[in-house]
Amino acid sequence: MNKVISIAFLMPILLGGCSNKPREVEASVELVNAAIKPVGIKLPEHYQQTLDTPSSTTLPHGDYYIELGPNYSSSLGNQCRQLFIHKKVQQTEQRVVCANSEQKQGKQVSTWYLVPNIVQSATSIQL
């Protein structure tokens, strides 16, 4: 009988704990930094306009023949393009360039960066 009374007394207390809403808390410090810094090596200014033009298919370079792939959106929301760099020795290396867009003087400006390869090789091409 004692057990029945104990259970009958404790049951509403236990169930009452589940029905209360948790207290609301506001964060005073951001958990994620809003500014995402670009990754990679900034490409020279003379490549910027060619990369900004979606219809461009080649990138002029003195040592390599570089084909441009179509624009696509990365998982971070950046515009990116694949580069197919043809070396003189019948080798082709694939690299990726991505644009970091920002507002400057009321105008949207893109700066393109050569993104590091996931797997680095000793002969990785730098533009």
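The structure displayed is predicted, hence computed values, not measured ones.

Peer 1: Sorry, what's going on with the nonpolar core here?
Peer 2: One broad trend across soluble globular proteins is that nonpolar side chains are buried collectively. If you look at the biggest cluster of nonpolar residues, it comprises 12 residues: Leu 43, Tyr 47, Leu 51, Leu 59, Ile 66, Leu 68, Leu 83, Ile 85, Val 97, Ala 99, Trp 112 and Leu 114. Going through the elements one at a time, helix H2 (45-52), strand E3 (65-68), strand E5 (79-86), strand E6 (92-104) and strand E7 (107-115) are the ones with two or more residues in this core. If sequence neighbours within four positions are ignored, Leu 51 has contacts with Leu 43, Leu 59, Leu 68, Asn 71, Arg 81, Val 97 and Trp 112.

Peer 1: So what exactly am I meant to see when it comes to the layout of surface pockets here?
Peer 2: Any empty space left between atoms is shown by rolling a water-sized probe over those atoms. Computed from the structure, the largest pocket encloses a volume of approximately 300 Å³. Around the largest pocket, the lining is made up of 16 residues, and of these Val 39, Ser 74, Leu 76, Asn 78 and Cys 98 lie nearest the centre. Of all the secondary structure elements, the ones that give two or more residues to the lining of the largest pocket are E6 and E7. Ranked by residue count, the leading element in the lining of the largest pocket is E6, at 4 residues. For the lining of the largest pocket, the residue count by class is 11 nonpolar, 4 polar and 1 charged.

Peer 1: What is the right way to look at the pairing of E6 in this model?
Peer 2: It is a general feature of regular strands that their side chains alternate between the two faces of the sheet. Where E5 and E6 come together, 7 bridges link them in antiparallel fashion. In the sheet register, Cys 80 faces E6, and the bridge partner there is Cys 98. From the end of E5 to the start of E6, which pair antiparallel, there are 5 residues, and Gln 90 there has a positive phi angle of about 65°. Connecting E6 to the antiparallel partner E7 that follows it, the hairpin turn spans 2 residues, and Gln 105 within it adopts a positive phi of roughly 55°.

Peer 1: Mind showing me how you'd approach H2 here?
Peer 2: A turn of α-helix holds 3.6 residues, and therefore any two residues three or four places apart point the same way. Restricting attention to buried positions, one finds in H2 the residues Tyr 47, Gln 48, Thr 50 and Leu 51. The elements touched by buried residues of H2 are strand E2 (58-59), E3, E5, E6 and E7.

What counts and what doesn't
Residues numbered from 1 in each chain as written. Predicted model: local features only at pLDDT ≥ 70, side-chain atom pairs only at ≥ 80, totals over all residues. Heavy atoms only, no water. Core = buried A, V, L, I, M, F, W, Y, C linked by side-chain atoms within 4.5 Å. Buried < 20%, exposed > 50% of the residue type's maximum accessible area, 1.4 Å probe, protein only. Helix = DSSP H or I, 4+ residues; strand = E, 2+ residues; numbered from the N terminus. Contact = heavy atoms within 4.5 Å. 1 Å grid on protein atoms, 1.4 Å probe; cavity = no way out; pocket = protein on both sides within 12 Å on 5 of 7 lines; lining within 4 Å. Points joined across faces, edges and corners; volume = space filled by probe spheres on them. Nonpolar A, V, L, I, M, F, W, Y, C, P; charged D, E, K, R; others polar. Pairing = 2+ DSSP bridges.

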